[in-house]
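# Per-entry structural report
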Amino acid sequence: MRALVISGGGSKGAFAGGVAQHLIQDLNRKYDLFIGTSTGSLLVSHLAMSKIEEIKKFYTSVNQSSIFKSCPFIIKKKRGYNSISINHLNVLRNLLKGKKSFGDSRNLRELIETAISKDDFKRLQSQSHDVVVTVTNLSANKVEYKSIKDCEYEDFLDWIWISCNYPPFMSLVRKNFCDYVDGGLGSMVPIEEAIKRGAKELDVIVLETEVNYINRMPTKNPFSLITNMVNFMMDQIEYQNIRIGKFSAREKDVALDLYYTPTVLTTNSLVFDKKKMTEWWTKGYEFARDKNHYNKL
């Protein structure tokens with residue numbers, strides 16, 4: 001049984017799409033299980049249907065307004081770099097409306113429904129391979145994995161959306177009497193879950209460099225403090241997931257092939273820049289192609 005595992009990483013999902021394109025189209029890899037967290041959850045349905053060009057168009061055409069109904073930060077270009085600051089007005093509006101997060105990502109939910117039709121959903125359900133997305137249940141204090149085989153159409157779209165909702169900047173969703181957020185808060189790289197489901201060969205796309213190259217800028221305000229804290233926690237979760245996944249793979253004689261990003265793509269994966277994401281898709285494709293070409297030598 002072969003599985004494709006894709007980590008969380010926001011806009012960096014474009015790089016994962018390029019890697020997956022090479023694995024599926026060029027190497028003709030056939031997967032029995034597709035499992036993703038956050039941006040990985042957005043990718044897996046289309047990849048399972050081999051709809052590469054459709055999901056590529058999705059990732060290379062979105063911007064902030066495609067994702068956010070109310071964006072909690074302002075992005076300005078300064079000397080070729082993105083300068084990010086809090087959007088006090090939008091955050092205040094959200095708080096006055098009784099929202100439980102700084103931003104509102106309901107536009108992403110609408111975009112997902114546009115991208116995955118009912119026919120797509122039925123086709124995926126009828127196929128032999130499984131598609132699984134990762135969510136975090138804050139009320140029950142646990143990670144949950146939602147298989148397309150166990151869901152109705154609207155519910156599955158909700159789980160994909162929830163899996164992408166990076167706290168506290170995107171929507172907190174109340175579903176089934178529980179509060180749900182981004183799956184990456186508990187399982188950033190669900191290698192262990194793929195092994196538990198019977199996978200013996202895993203291709204794992206990790207949307208971080210293998211070695212940490214980041215030295216974050218000094219904290220300027222409470223908003224950047226929260227951003228840095230959440231990023232740090234998710235980085236630690238990711239490292240732990242990979243260590244546990246590697247250990248499980250050794251214990252159960254599972255073949256594990258990891259694809260890390262070769263360079264730091266961005267320090268803020270909630271910034272959706274169409275030009276950069278187009279470049280990252282190409283970089284992902286070329287990186288996977290070169291890596292596999294080198295392995296054959």
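A brief structural summary. Keep in mind that this is a model prediction, so the values were computed, not measured.

Conventions used here
Residues numbered from 1 in each chain as written. Predicted model: local features only at pLDDT ≥ 70, side-chain atom pairs only at ≥ 80, totals over all residues. Heavy atoms only, no water. Core = buried A, V, L, I, M, F, W, Y, C linked by side-chain atoms within 4.5 Å. Buried < 20%, exposed > 50% of the residue type's maximum accessible area, 1.4 Å probe, protein only. Contact = heavy atoms within 4.5 Å. Phe/Tyr/Trp six-rings, centres within 6.5 Å; stacked < 30°, edge-to-face > 60°. Lys NZ or Arg CZ within 6 Å of the ring centre and 35° of its normal. Helix = DSSP H or I, 4+ residues; strand = E, 2+ residues; numbered from the N terminus. Pairing = 2+ DSSP bridges.

### Remarks on the nonpolar core
In this structure, Leu4, Leu47 and Tyr59 are the most contacted members of the largest nonpolar core, which totals 65 residues. Those residues in contact with Tyr59, other than ones at most four positions away along the chain, are Gly10, Gly13, Ala14, Thr39, Leu42, Leu43, Met277 and Trp281. Grouped together as the second largest cluster of nonpolar side chains are 20 residues, Val132, Met188, Val189 and Val254 included.

### Re the packing of aromatic side chains
In this description, a pair of aromatic rings is defined by centroid distance and the angle of the planes. One pass over the full model with this rule turns up 9 aromatic pairs. Their ring planes at 55 degrees and their centres at 5.6 Å tell us that Phe58 and Tyr59 sit as a pair that is tilted. Judged by relative accessible area, which is 3%, Tyr59 ranks as buried. Linked through ring pairs, Phe102, Tyr166 and Phe169 together constitute an aromatic cluster. Between Lys146 and the ring centre of Trp159, over which it is positioned, the NZ or CZ distance is 4.3 Å. Cation over ring: Lys291 sits above Tyr259, and NZ or CZ is 4.3 Å from the ring centre.

### A few points about the environment of Val44
Within the secondary structure layout, Val44 lies in helix α2 (residues 39-48). Between the C-alpha atoms of Val44 and Trp161, which are 117 residues apart in sequence, the distance is 13 Å. Those residues in contact with Val44 that sit more than four places away from it in its chain are Ile6, Phe34, Ile35, Gly36, Val131, Val132 and Val133.

### Notes on the pairing of strand β2 (residues 33-37)
Judged by how many residues are buried, β2 sits mostly within the fold: 5 of 5 residues are covered. Covered by surrounding structure in β2 are Leu33, Ile35 and Thr37 together with Phe34 and Gly36, the residues of both alternating faces. When strand β1 (residues 2-6) meets β2, the two strands line up parallel, connected through 4 bridges. Within β2, the residue paired with Val5 across the bridge is Ile35.

### Here we look at the side chain of Asp104
Within the secondary structure, Asp104 is located in the loop between α5 (88-96) and α6 (106-115). Residue classification places Asp104 among the buried positions, given a relative accessible area of 5%. In this structure Asp104 touches Ile67, Phe68, Lys69, Ser70, Asn94, Lys99, Phe169 and Ser171, once residues within four positions along its chain are discounted.

### Let's talk about unusual backbone geometry
Note the cis peptide between Pro167 and Pro168, where omega equals -5 degrees. Position of Pro168 relative to the elements: it lies in the loop between α8 (153-163) and β7 (173-175). A positive phi angle, close to 55 degrees, is found at Ser38, a residue other than glycine. Within the element layout of this structure, Ser38 appears in the loop between β2 and α2. Residue classification places Ser38 among the buried residues on the basis of a relative accessible area of 7%. For Asn141, which is not a glycine, the phi torsion comes out positive at approximately 60 degrees. Assignment of secondary structure puts Asn141 in the loop between β5 (130-137) and β6 (142-147).

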